[in-house]
Amino acid sequence: FVDEAFPHTRIRYHSHHDCHAATAWFGSGKINQSIFVVDGHGECDTTTFYQSNQKGMQRINETKWPNSLGSIYLAITRYLGYDYGDEYKVMGMSAYGKPIFYELFKESVSVSNEGKIVIKDTTK
């Protein structure tokens, strides 16, 4: 549709996570930034890390589906009785909570030597 609506315009497509990162970077007003994007998934990326400088923004690392902190967050949000899209409410309330489940999550989620998030299969 966009190509037809703007036939003489050069259109460039970017990944979901790259767009999140670019929004954070351009919105910050800073040149040298570290940018961390956590999402359920965008295409197959779930967590991405970027570094920016005067030359631009570069993706440093990513974690791919099915390892997704965002999906865990969604599952917890739904478990608490909230709907899809209400994650921001739980995120806001989390600042007032106590880390009583820290050890459980510490055993279930780790970061590999390559910087990728690894979620253990706890269904077995």
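You'll find the structure just up there.
The structure displayed is predicted, hence computed values, not measured ones.

**Notes on the environment of Y82**
Then comes step 1: In this structure, Y82 sits in the loop between α3 (69–79) and α4 (87–94).
Then comes step 2: Looking at Y82, the relative accessible area reads 26%, which means it is partly exposed.
Then comes step 3: Setting aside residues no more than four positions away along its own chain, Y82 makes contact with T77, K89, V90 and M93.

**Some remarks on the nonpolar core**
Then comes step 1: The biggest cluster of nonpolar side chains holds 5 residues, and these are A21, W25, I35, V37 and Y50.
Then comes step 2: Put simply, the parts of the chain that give this core at least two residues each are α2 (16–28) and β1 (33–42).
Then comes step 3: With residues near it in sequence (within four places) discarded, V37 still touches H17, H20, A21, T46, T47, T48 and Y50.

**Thoughts on the state of the cysteines**
Then comes step 1: The final tally for this structure, using the stated rule, is 0 disulfides.
Then comes step 2: The structure places no disulfide on C19, whose sulfur is separated from the nearest cysteine sulfur, that of C44, by 15 Å.

Cut-offs used in this document
- Residues numbered from 1 in each chain as written.
- Predicted model: local features only at pLDDT ≥ 70, side-chain atom pairs only at ≥ 80, totals over all residues.
- Heavy atoms only, no water.
- Helix = DSSP H or I, 4+ residues; strand = E, 2+ residues; numbered from the N terminus.
- Buried < 20%, exposed > 50% of the residue type's maximum accessible area, 1.4 Å probe, protein only.
- Contact = heavy atoms within 4.5 Å.
- Core = buried A, V, L, I, M, F, W, Y, C linked by side-chain atoms within 4.5 Å.
- Disulfide = S-S within 2.5 Å.

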